[in-house]
Amino acid sequence: MDYNHTEQPNMNFQQPNFNPYKRQPNKMATLSLMLGVLTLLSVISIYFIYFALPMGCMSILFAHLSKGDSYRLSPKAVGGMTVSILSIIITVVILVLGFYLAIQLADKVGADFILGTDPDSDRVGIMVRNHEGEFQPVTGNQTGVLLLDYLIGAMKRSGKMPANPVALKTIVTTEMARKVAESNGVKCFDTFTGFKFMAEKKNALEESGEGKVIFSYEESYGYMLGDYVRDKDAVTASMLLTEMAAWYDAQGMTLFDALNALYEKYGWYAEKTHNLVMPGLDGLRDMAKLMKDLRENPPTEISGVKVIVRKDYTDGSVIDCVTGAKSRMELSGSNVLRYELEDGTVILVRPSGTEPKIKVYILTQGADAAASNANLEKYGRWVAALKP
């Protein structure tokens, strides 16, 4: 073979019109279709709750990005978006139908409360019958308070309360849990969100002999008790919930009665989480800017109420806004800001780690239910004004 006359390949890979940072419409459309199919598959699997909604939303986002400069959706993008929207609708229908069937069965058998877990049984939620005979959901914050108060009482009644008992909660979980614990001689510590942090804190406290953890929980329906599992576990929590309901029934009370009794005893606490959704690349910039602005120009008052303490969980700094004194706390390493107000309200701001949104937690209390709900509305208006 005569290699002298072989045509040499063009080694110039530069393409003057190619921009590697420009969105590639065809790739985006393919991603949209793939995610749409995965969304549909997740709906028919036991993990549909975890994956269907986020993957469906991502599919729709990629379909939107695939328009490029033509402002037209390709068939692939249309297919991905259509499948995703249908799958999300199916997911919502399944969730609503599940609650409907549970309420229907509870009415038929005359049950006072409904208990349900997620598909892999690590979270559990309940609904209770109110005085009007209707079922209403109990939040994760409220369920945790019910369990903690009952567990403390049960351990004391049976003589099984350990020395130096401790309860754990996350930084975004209701302050009512701390009130319940400390009112009954139980220490309460905060951790970051996630049961790996709770398990680490449990191990550290027990190995050092500083305390014995009897209960841990977060507001998103996760509960950890005993030494059976060092993670959120709906199996053990369901057993304790059922035992608690039976005990209150023996006292002539429902769980709805019990919850109201706790408010009368410990105070009228209320909580609400706001999600400031900021989609797209502009959203990421807006999220970063909001957190930066709050650090550089921290509010001195929120909805007319003075901020008395500011905490930044990034570096663990604590600032007393009244005296100007600076100190440090144990927790650090998470992009979370905390404002403690003069009326006892706590507001936390953090970017979501998995979704394009800023999460704002309002933890407040009032003289009664009306007052605490009024606080939620008042501070909610400040939260709404944060969104650009």
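Use the structure listed above.
Keep in mind that this is a model prediction, so the values were computed, not measured. (Residues numbered from 1 in each chain as written. Predicted model: local features only at pLDDT ≥ 70, side-chain atom pairs only at ≥ 80, totals over all residues. Heavy atoms only, no water.)

### Points about the nonpolar core
Thinking step 1. In terms of nonpolar packing, the biggest core is built from 41 residues, with Leu148, Met176, Phe215 and Met244 touching the most fellow members.
Thinking step 2. When contributions to this core are tallied by element, the ones reaching two or more residues are strand S2 (124-129), helix H4 (140-157), helix H5 (176-183), strand S6 (212-218), strand S7 (222-225), helix H7 (234-250), helix H8 (255-266) and strand S8 (268-277).
Thinking step 3. Residues in contact with Met176, not counting those within four places in the same chain, are Val145, Leu262, Tyr263, Tyr266, Gly267 and Tyr269.
Thinking step 4. In terms of nonpolar packing, the next biggest core, distinct from the first, is built from 23 residues, Met278, Met291, Val307 and Val360 among them. (Core = buried A, V, L, I, M, F, W, Y, C linked by side-chain atoms within 4.5 Å. Buried < 20%, exposed > 50% of the residue type's maximum accessible area, 1.4 Å probe, protein only. Helix = DSSP H or I, 4+ residues; strand = E, 2+ residues; numbered from the N terminus. Contact = heavy atoms within 4.5 Å.)

### Quick word on the pairing of strand S4 (residues 165-170)
Thinking step 1. Taking burial as the measure, the six residues of S4 include six buried ones, the bulk of the element.
Thinking step 2. Across the two faces of S4 the burial is the same, with Pro165, Ala167 and Lys169 and Val166, Leu168 and Thr170 all buried.
Thinking step 3. By the bridge criterion, five bridges tie S4 to S6 in an arrangement that is parallel. Counterpart to Lys169 in the pairing with S6 is Tyr217.
Thinking step 4. One ladder, built from five bridges, connects S4 with strand S5 (residues 187-191); its direction is parallel. By the bridge assignment, Leu168 is partnered in S5 with Phe189. (Pairing = 2+ DSSP bridges.)

### Concerning unusual backbone geometry
The general pattern is negative phi for most residues beyond glycine and trans for most peptide bonds.
Thinking step 1. For Tyr221, which is not a glycine, the phi torsion comes out positive at approximately 65°.
Thinking step 2. With respect to the secondary-structure elements, Tyr221 resides in the loop between S6 and S7.
Thinking step 3. You will see that Ser303, though not glycine, has its phi angle at about 55°, which is positive.

### Side note on the packing of aromatic side chains
Thinking step 1. Evaluated as defined, the whole model comprises eight aromatic pairs.
Thinking step 2. Consider the rings of Phe192 and Tyr313, whose centres lie 5.8 Å apart with planes at 70°: the pair is edge-to-face. Highlighted residues: Phe192 in the loop between S5 and helix H6 (195-208) and Tyr313 in the loop between strand S10 (305-312) and strand S11 (317-320), separated in sequence by 121 residues.
Thinking step 3. Overall, the relative accessible area of 2% leaves Tyr313 in the buried class.
Thinking step 4. With a centroid separation of 5.0 Å and an interplanar angle of 15°, the aromatic rings of Tyr263 and Trp268 are classed as stacked.
Thinking step 5. For Tyr263, a relative accessible area of 8% gives the class buried.
Thinking step 6. One cation-aromatic arrangement involves Lys201 over Phe189; the distance from NZ or CZ to the ring centre is 4.8 Å. (Phe/Tyr/Trp six-rings, centres within 6.5 Å; stacked < 30°, edge-to-face > 60°. Lys NZ or Arg CZ within 6 Å of the ring centre and 35° of its normal.)

### Digging into the pairing of S7
Thinking step 1. Burial along S7 is two-sided: the face carrying Gly222 and Met224 and the face carrying Tyr223 and Leu225 are both buried.
Thinking step 2. Summarising the sheet, S6 and S7 pair through four bridges and their orientation is antiparallel. Paired with Glu218 across the strands is Gly222, a residue of S7.
Thinking step 3. Linkage of S6 to S7, two consecutive antiparallel strands, is achieved through a turn of three residues, within which Tyr221 is found at a positive phi near 65°.

### Points about the pattern of salt bridges
Thinking step 1. Per the counting criterion, the structure on display carries 19 salt bridges.
Thinking step 2. Here Asp190 makes a salt bridge to Lys169, at a shortest N to O gap of 3.2 Å. Note that Asp190 is positioned in strand S5 and Lys169 in strand S4, a separation of 21 residues in sequence. This pair shows no difference in class: Asp190 is buried, exactly as Lys169 is.
Thinking step 3. Beyond isolated ion pairs, a larger network of salt bridges with shared partners links Lys169, Glu175, Arg178, Asp190, Lys311, Arg338 and Glu340. (Salt bridge = Lys/Arg side-chain N within 4 Å of Asp/Glu carboxyl O.)

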